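Summary of the model geometry
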Amino acid sequence: MSTPAPAPSHPAPRRPSVRREDLLAATVRYVAEHNVSDLSLRPLAAGIGTSPRVLLYLFGSKEELVRAVLAVGRAEQLALLERSEEEGGSARETLERLWTWLADPGRRGALRLFFEGYVRAFGQVEPWRDFGTASLAEWLPPLARVLDGTRANPTVVLAVLRGLLLDLLAGDGEADAARVQAAWRDFLDATLD
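Right, let's walk through the structure included here. (Residues numbered from 1 in each chain as written. Predicted model: local features only at pLDDT ≥ 70, side-chain atom pairs only at ≥ 80, totals over all residues. Heavy atoms only, no water.)

**Observations concerning the overall build of the chain**
Test applied: Where helices and strands are cited, they refer to DSSP runs of H or I of at least four residues and of E of at least two residues respectively, numbered from the N terminus. The cut-offs for exposure are 20% and 50% of the maximum accessible area for each residue type, with area from a 1.4 Å probe on protein chains only; residues under the lower value are buried, those over the upper are exposed, and the others partly exposed. In what follows, residue pairs with any heavy atoms lying within 4.5 Å of each other are defined as contacts. For every accessible area listed, the method is Shrake-Rupley and the probe measures 1.4 Å; residues are considered covered only by the protein chains on display.
In terms of helices and strands, the chain carries nine helices and zero strands. Along the chain direction, N to C, the helices and strands of the chain fall in the order α-α-α-α-α-α-α-α-α. A burial count over the chain gives 37% of its 193 residues as buried. The contacts in the chain between residues at least 6 apart in sequence include a share of 65% that link residues at least 24 apart. Surface exposure of the chain reaches about 10,900 Å², of which carbon and sulfur atoms provide 55%.

**Regarding helix α3 (residues 52-59)**
Of the positions making up α3, those classed as buried are Leu55, Leu56, Leu58 and Phe59. Immediately beyond the C-terminal end of α3, within one or two residues, lies Gly60, with a positive phi of roughly 90°.

**With respect to the pattern of salt bridges**
What counts, and what does not: Salt bridge, as applied in this entry: a Lys or Arg side-chain nitrogen positioned within 4 Å of an Asp or Glu carboxyl oxygen.
As enumerated under the stated definition, the model contains nine salt bridges in all. Arg92 is paired through a salt bridge with Glu96; the nearest N and O atoms lie 2.9 Å apart. Remark: Glu96 and Arg92 occur in helix α5 (residues 91-103); sequence separation between them is four residues, near one turn of the helix. Members of the salt-bridge network, linked through shared partners, are Arg92, Glu96 and Asp189.

**Digging into the packing of helix α1 (residues 18-33) against helix α4 (residues 62-86)**
Helix packing geometry: the angle between the two helix axes and the distance between the axes. Put simply, the rule reads: Helix axes use the C-alpha atoms of the stretch in contact, all axes being lines fitted to C-alpha atoms, and the angles between their N-to-C directions lie in the range 0 to 180 degrees. Any angle that falls under 35 degrees is termed roughly parallel, while one over 145 is termed roughly antiparallel, one within 65 to 115 roughly perpendicular, and all others oblique. Each residue is assigned to one of three groups, with Ala, Val, Leu, Ile, Met, Phe, Trp, Tyr, Cys and Pro labelled nonpolar, Asp, Glu, Lys and Arg labelled charged, and all others, Gly among them, labelled polar.
Contact pair α1 / α4: the axes reach a minimum separation of 10 Å and the direction vectors enclose 80°. Relative to α4, α1 is oriented roughly perpendicular. Here α1 contributes Arg20, Leu24, Thr27, Val28 and Val31 to the contact with α4, which in turn contributes Leu65, Ala68, Val69 and Val72. Taken together, the residues that form the contact of α1 with α4 break down as seven nonpolar, one polar and one charged.

**Focus: the layout of surface pockets**
Here is the rule we go by: Cavity means a closed set of points on a 1 Å grid over the protein atoms alone, one where a 1.4 Å probe fits but cannot get out, pocket means an open set with protein on both sides within 12 Å along at least 5 of 7 lines, and lining means a residue has an atom within 4 Å of a point. Grid points are joined across faces, edges and corners, and a volume is the space filled by probe spheres set on the points.
Considered as a void within the structure, the largest pocket measures approximately 380 Å³ in volume. In terms of lining, the largest pocket is formed by 24 residues, of which the most central are Gly73, Gln77, Trp101, Ala110 and Leu111. Ranked by residues supplied to the lining of the largest pocket, first place goes to α4 with seven residues. For the lining of the largest pocket, a count of residues per class yields 17 nonpolar, three polar and four charged.

**Here we look at the side chain of Thr50**
As for its placement among the helices and strands, Thr50 is situated in the loop between α2 (41-48) and α3. When residues no more than four places from it in sequence are discounted, the contact partners of Thr50 are Arg19, Leu23, Ala45 and Leu55.

**Focus: the packing of helix α6 (residues 108-121) against helix α8 (residues 154-170)**
Applied cut-off: A crossing counts as left-handed when the near helix is turned anticlockwise from the far one by less than a right angle, and as right-handed when that turn is clockwise.
For the pair α6 and α8, the least separation of the axes is 11 Å and the interaxial angle reads 120°. For the element pair α6 / α8, the angle class is oblique. When the axes of α6 and α8 are compared, the crossing they make is left-handed. Contact residues: Arg108, Leu111, Arg112, Phe114, Phe115 and Tyr118 in α6; Arg162, Leu165, Leu166, Leu168 and Leu169 in α8. Here the contact of α6 with α8 is built from residues that sort into eight nonpolar, no polar and three charged.

**A short note on the packing of aromatic side chains**
Definition in use: Stacked, tilted and edge-to-face are the three classes assigned to paired rings of Phe, Tyr and Trp, where Trp is represented by its six-membered ring and a pair needs centres within 6.5 Å; plane angles under 30 degrees give stacked, over 60 edge-to-face, the rest tilted.
Overall, the coordinates contain six aromatic pairs when judged by the stated rule. With a centroid separation of 5.0 Å and an interplanar angle of 70°, the aromatic rings of Phe114 and Phe115 are classed as edge-to-face. You'll find Phe114 and Phe115 in the same group, each marked buried. Ring pairing ties together the aromatic residues Phe114, Phe115, Tyr118, Phe122 and Phe131, which thus form one cluster.

Taken by themselves, the reported measurements are silent on function.
Below you can see the structure in the form of structure tokens.
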């Protein structure tokens, strides 16, 4: 007779809870101002009014909490694309809305977190192993729908969008932000007009 496997020290709850959703929303707000990928749970927990133990209980691990934060951002971005489609926005209008949302200075922490997760996926370690692949699978179909009827290639649009966002994050001040914004407009002009 085999012995049962030991129970995880911090099991995640079986169903979503209001407390989990509240703490996730607080973490999303915290990430907008701080970087949590290399941060211990203690400062995060203090910053959002809880304890590391509660976060581990509700999310299972810091990595799973980070993934949940990134999932919130992706859901918001994809909802923005969907709303624009429903409102009959052109491909250019939709991409401009997306850029404005992503380039907002209040989302820089979340952008940094996304790119860190994307790079960590290259190492093929859990829980990041499928992060990059999942991101492509989530983004390319809606972009293809948005770009339908144009000559734009969704893969190229996604690559340029992400490349310019990286440049925006690496930049230093308003001059760099203006340069990146101009590059995005030039790209849209060349691709969609």
